[in-house]
Structures are given as C-alpha cells and as structure tokens.
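Here are the chains, one letter per residue:
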Amino acid sequence: MAHMLSRNVCSCTSQHRLGRYVLGGQQHLLTTTRRVLSGCHATSADTEHDPSETSTQKPATARRKRVLSGVQPTGTVHLGNYLGAIRNWVDLQDMYDTYFMVVDLHAITLPHNPKELLEATRNGAALYIACGIDPSKAKVFVQSHVSAHAEMAWLLSCITPVGWLKKMIQFKEKSRKAGNEEVGTGLLTYPVLMAADILLYQSDLVPVGEDQKQHLELARDLAERANYLFGGKKAKKMGCKYTRLFKVPEPFIPPAGARVMSLQDGRAKMSKSAESDLSRINLLDPPDVIKTKIKKAKTDAFDGLEFGNPDRPEATNLLTMYQCVTGMSNEAVLQQVGGMRWGEFKPVLTDAMIEHLRPIQARYNEVISDQAYLDAVLSQGAQAAAHEAHATLDNVRKALGFPEKLY
C-alpha cells in the first residue's frame, strides 16, 4: 500500500471529465508527474481552498502541495517497501505537506492474527521514523486512529458501482487465491477505503507504484463522481462551506529503479505475502540472515553482470539493489562490479546491504524501546490528521444530507 488542498483543476480537462460521468462510464485519466509539476495546477496548488468555490468568501491561505501515502502493517517491512516507498518519503517531507500513515484497516481484508497486527502496526510506525521520517516535518499516524476513514469509506461505497470494484486486478488475483466463495467483502471494497484515505486529506499527489495505479484511478473517478452528484450548486444549496467536495489527486511516480523484485524470482515483485522468507530482505533482518538470503538468491549462468537484459531479470534486480543502497549510478555500478562473477558479487552486495541497514536498525531499536515517545508521535500525528480529515468529512456529510453532529 503509497499512501500526498487546492480545489480547482484545469478547465481544459474538468468539463471533459464531467461529461463522461453524465454518460455513467468509468474513465481512468492519469496525467504524468511532469505535467503535475510543470504548471497544470500552478495557480491553484498554493491555496488552501479556491474562494470561488466556498459559500463564504475568505482570503486563500498559502500552503505547499499535500502528499499522502502509507504501508500495510502485514508481516515485516522489507527492502521493496523501503526502496520503493518509504525512502522516497524522506525527500518528500522537505518539499510537501506530508501525511504518512500505517494503514492497519487495510490489513484485515484477509484472515489475520490480532496480536501480530498490533505489534506490526507499532513496529511499522517506528520503522518510518528509523528510515528518516521526521515527525516535526510530517504527520505520522495510524489509520484506524482517525475514525473519519471508516465513515468516508461507507459514504463513498454507496456511490461506487460494484462493477468498478469487480474490475480491480488485485481483487481478481487475491480472491482467486483465497477462494471466491470464502473471500471477505472487505477485499472487494478496500479500494474504496483507499480512495477515502486519499480524498479525506484533499491530497494533491499520491506516490504510486505500478500495482497501485488502478486504485488511484478509482479514487480520481470517485472524486469526480461525488463532485458531480453532490457538489457545485447542489452543495451550495445544502449550506456547504466548500462546494467542491474533493480535490482530484494526481499520481506521483517514484524515481526509476526503485522497483525491487523477489530474491527467488526476478520477475516477481518482492512481497510480504510470498511464502518463502528467502524471497525478501526485511529491514530488521540481522547480518547473518541477510548474508544467507543473498547467498541463496537466484542467479543465472551468464558471465558478467548487466542491467536491463530481459533474459537476465535476476541480474537487473540484484544490481538495482546494489545501486540503491550505495547511491551509485548505473554506469558506476557496472564499472565497479560489471565484470564480476556471481560468487564475487554477492559478498560485495551483502556488505553494502548490511552497512546501509545498520543505522536504520539502530534507530529503530531506540524508537521502539521508548514507548512514550512513539505514543506521543502517533497521538500528535493522529490529532493533526483528524483535524483535516473531519473538515472534509463534515462538508461531505452536509452535502449528502446528514444532520450536523450535536456533540
């Protein structure tokens, strides 16, 4: 799971999108990160709300673009989570208004162990901090600590055609594995919860990998659908403060080369759900375990090492890991290790991996041993997140016709 408030989009696309919803069709419209950062929202992204879309005229409040992402606390955080998501967050927190959550509600769509979930949730938050997330710059919180997520998910599910959800690739794959008759409803509807996560914070940008693009597209579709069904003049008549209910988020594509594959299969993504622990390097693996896993990693019979050869996915994967943990360019990596055999390269990769993870593991041990500090970080993060989330939720509730809360 990656989990990034202006309230207007380019007029050149908004009318076109709206017309498609009048016809009732689901359309997936993703622009490139280049377009996002080069001017499509240049005039609106620096304001909290567009005054033209509020029922009460107020000056706009300048702010940075907002980024939201998160990782599920299922199993342990591995190298793929770190290089593909969490490490990128460290840079984002200096450039954007960032919200990073441990998405524990998403972790129960399949059978789970409650005790393990509780432990993994706290461990995940501690690892965020250990990897470089600074609570003074970013909001770090647990998803279930902000009740607005669950309520918004229900409101959005009531306007989501079930056909949209059945088209989700991950639902098809996971339900097939779990058995179609036994699969829980949550597995079908969790993309709606993911949409709620994103839309609650009026996110401008959402870091996504290839496997999550479809879910972000759904979030965009639901934002446009809700804005059409209940926003604009309809929301104004209901007395809403903001007549545009949701910001339509854009994808933030991580830097190339951050996709980490399984140690046992260079064509399969490194995953928490893979049966063999030998397929992944966990961030908290001790040095001897890292050494064993890299030693047993799948290789090939070719001489030398190279990037990008489709017939050598394991070579690309292990070289990518080395590149990421050393910070070297492709050219520098190949100059240093390109002529090595596997028996020579694996110890080099092992040493680099252990050294890169050593300070992360040391910082993690500090954080997880100070429960009061971790509790304070999560409490502060949840309070800040809840303030923003409930502002959106209350506005949407009013647009949908729910009475104002009396407590």
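Just above sits the structure.
Please read these numbers as outputs of a predicted model, since none were measured by experiment.

**Things to note about the pattern of salt bridges**
Working definition: two side chains of opposite charge can pair if their charged atoms are close together.
Thought 1: All chains considered together, the criterion is met by 18 salt bridges.
Thought 2: One salt bridge in this structure joins D375 and R122, with 2.9 Å as the shortest N-O distance. Of this pair, D375 sits in helix α15 (residues 371-400) while R122 sits in helix α4 (residues 114-130), and the two are 253 residues apart along the sequence.
Thought 3: With a relative accessible area of 22%, R122 lands in the partly exposed category.
Thought 4: Its salt-bridge partner being D285, residue K293 comes within 2.7 Å of it at the nearest N-O pair. In terms of burial, K293 and D285 fall into one category: buried.
Thought 5: Residues joined by salt bridges that share partners form a network here, namely R66, D97, K139 and E388.

**Things to note about the packing of aromatic side chains**
Thought 1: In total, this model carries seven aromatic pairs according to the counting rule given.
Thought 2: On the basis of an interplanar angle of 75 degrees and a centroid distance of 6.3 Å, the ring pair of Y96 and F252 is categorised as edge-to-face. Residue Y96 is located in the loop between α3 (79-95) and β2 (97-102), and its partner F252 is located in strand β5 (residues 250-252); the two are separated by 156 residues in the primary sequence. With respect to burial, Y96 and F252 carry one shared label: buried.
Thought 3: Ring pairing ties together the aromatic residues W89, F100 and Y128, which thus form one cluster.
Thought 4: Between the NZ or CZ atom of K234 and the centre of the ring of Y228, over which it lies, the distance is 5.3 Å.

**A short note on helix α9 (residues 213-230)**
Thought 1: An ideal rise of 1.5 Å per residue puts 26 Å on 18 residues; α9 measures up with 26 Å between its terminal C-alpha atoms.
Thought 2: Looking one or two places after α9, you find G232, whose phi comes out positive at around 65 degrees.

**Describing empty space enclosed by the protein**
Thought 1: Roughly 50 Å³ of volume is contained in the second largest cavity.
Thought 2: Taken together, L155, L156, I159, A226, F230, L245, F246, V396 and L400 make up the lining of the second largest cavity.
Thought 3: Elements with a contribution of two residues or more to the lining of the second largest cavity: α5 (148-157), α9 and α15.
Thought 4: Residues belonging to the lining of the second largest cavity are distributed by class as follows: nine nonpolar, no polar and no charged.

**Quick look at the pairing of strand β1 (residues 66-71)**
Thought 1: Among the six residues in β1, six count as buried, and that is most of the element.
Thought 2: Burial along β1 is two-sided: the face carrying R66, L68 and G70 and the face carrying V67, S69 and V71 are both buried.

**Regarding the side chain of K293**
Thought 1: Summarising the element assignment, K293 is placed in helix α11 (residues 287-295).
Thought 2: Residues in contact with K293, not counting those within four places in the same chain, are L263, D277, L278, R280, I281, N282 and D285.

**With respect to the environment of L79**
Thought 1: Take L79: it is sitting in helix α3.
Thought 2: For the pair L79 and M261, spaced 182 residues apart in sequence, the C-alpha separation works out to 9.5 Å.
Thought 3: In contact with L79, other than residues within four places in its own chain, are G84, V260, M270, I281, L283, M321 and M353.

Conventions we followed
Residues numbered from 1 in each chain as written. Predicted model: local features only at pLDDT ≥ 70, side-chain atom pairs only at ≥ 80, totals over all residues. Heavy atoms only, no water. Salt bridge = Lys/Arg side-chain N within 4 Å of Asp/Glu carboxyl O. Helix = DSSP H or I, 4+ residues; strand = E, 2+ residues; numbered from the N terminus. Buried < 20%, exposed > 50% of the residue type's maximum accessible area, 1.4 Å probe, protein only. Phe/Tyr/Trp six-rings, centres within 6.5 Å; stacked < 30°, edge-to-face > 60°. Lys NZ or Arg CZ within 6 Å of the ring centre and 35° of its normal. Expected span 1.5 Å × (residues − 1). 1 Å grid on protein atoms, 1.4 Å probe; cavity = no way out; pocket = protein on both sides within 12 Å on 5 of 7 lines; lining within 4 Å. Points joined across faces, edges and corners; volume = space filled by probe spheres on them. Nonpolar A, V, L, I, M, F, W, Y, C, P; charged D, E, K, R; others polar. Contact = heavy atoms within 4.5 Å.

Function-wise, these values are silent; they only describe arrangement.
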